[in-house]
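A look at the structure
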Amino acid sequence: MQTRGCGHICGESSPGIGEAGKTGEWRDSYPLIDHKKCIPAKQNKAACFQCWLYCPDAVISKTIPVQVDLEYCKGCGICAEICPAHAITMVAEETSCSS
Ligand code: SF4
Ligand code: SF4
């Protein structure tokens with residue numbers, strides 16, 4: 001339960017960073033933001049933030065420039081899919097396996 005500024009109590013929930021724990025080494029790709037394409041960085045003002053809104057792990061900042069906390073990012077790729085400026089590329093994690 002939360003109390004809004006108007007004094008009403010509501011039952012809305014909000015995600016917390018790291019609720020699913022640190023990601024560890026199983027992630028196979030991570031998001032890389034091109035700040036030359038990212039709208040807040042290009043315009044130097046608070047705008048867009050669709051990636052922040054849709055990230056299920058709440059690990060993208062609503063800042064200029066936008067930052068991703070890779071300790072908790074799960075590599076789902078939703079941010080890259082939702083970005084209207086195509087500013088996010090999913091990059092494969094380096095594999096260190098040797099056979
Ligand atoms: S959705 Fe894309 S353009 Fe919008 S803030 Fe995120 S990275 Fe930048
Ligand atoms: S890949 Fe998924 S978990 Fe990682 S920042 Fe993007 S939306 Fe969030």
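Reference entry: report on the structure contained in this document.

What counts and how
Throughout this description, residue numbers start from 1 for each chain and increase along the sequence as written. Chain letters and ligand numbers both follow the written order, the letters beginning at A and the numbers at 1. This being a predicted model, a pLDDT of at least 70 is required before a residue's local features are given, and a value of 80 or more before pairs of side-chain atoms are given or counted; all residues contribute to the totals for chains, interfaces and linings. Working from all heavy atoms in the structure, the side-chain values ignore hydrogens and water. Here the aromatic set is Phe, Tyr and Trp, taking the six-membered ring for Trp, and pairing holds for ring centres within 6.5 Å; pairs whose planes are under 30 degrees apart are stacked, those over 60 apart are edge-to-face, and all others are tilted. Here, a charge over a ring means that NZ of Lys or CZ of Arg falls within 6 Å of the ring centre while also lying within 35 degrees of the ring normal. Put simply, buried Ala, Val, Leu, Ile, Met, Phe, Trp, Tyr and Cys residues joined by side-chain atoms within 4.5 Å make one nonpolar core. Categorising residues by exposure relies on relative accessible area from a 1.4 Å probe, with only protein chains included: less than 20% of the type maximum marks a residue as buried, more than 50% marks it as exposed, and the intermediate range marks it as partly exposed. By definition in these notes, contact holds between two residues if any of their heavy atoms fall within 4.5 Å. Surface patches are defined over residues having more than 30% relative accessible area and no salt bridge, joining like charges when they lie within 9 Å and nonpolar side chains (Val, Leu, Ile, Met, Phe, Trp, Tyr) when within 5 Å. Residue-level accessible areas treat just the shown protein chains as cover; the underlying method is Shrake-Rupley with a 1.4 Å probe. Salt bridge, as used here, is a side-chain nitrogen of Lys or Arg placed within 4 Å of a carboxyl oxygen of Asp or Glu. Starting at the N terminus, helices and strands are each numbered in turn, a helix being any DSSP run of H or I of at least four residues and a strand any DSSP run of E of at least two. We call a residue near a molecule or strand as soon as one heavy atom of that residue lies within 4 Å of the molecule or strand. Three residue categories are used. Nonpolar comprises Ala, Val, Leu, Ile, Met, Phe, Trp, Tyr, Cys and Pro, charged comprises Asp, Glu, Lys and Arg, and polar comprises the others, including Gly.

**Thoughts on the packing of aromatic side chains**
- Overall, the coordinates contain 0 aromatic pairs when judged by the stated rule.
- Over the aromatic face of W52 sits the side chain of K62, whose NZ or CZ is 4.1 Å from the ring centroid.

**Focus: the nonpolar core**
- Counting 15 residues, the largest nonpolar core has C51, I60, V66 and I88 as the members making the most contacts within it.
- Sequence-distant contacts of C51, that is, excluding residues within four places in its chain, are made with I60, V66, C79, I82 and I88.

**Some words on a nonpolar patch on the surface**
- There is a patch of nonpolar side chains on the surface, built from W52, L53, Y54 and I78 and spanning about 380 Å² of accessible area.
- Within the secondary structure, L53 is located in helix α2 (residues 50-54).
- Using a relative accessible area of 51% as the deciding quantity, one classes L53 as exposed.

**Here we look at the site of ligand 2**
- Around ligand 2 lies a shell of 15 residues, among which C55, C73, C76, G77 and C79 are the nearest.
- Across the shell around ligand 2, the residue classes break down as 11 nonpolar, 2 polar and 2 charged.

So yeah, pure geometry; function would need other evidence.
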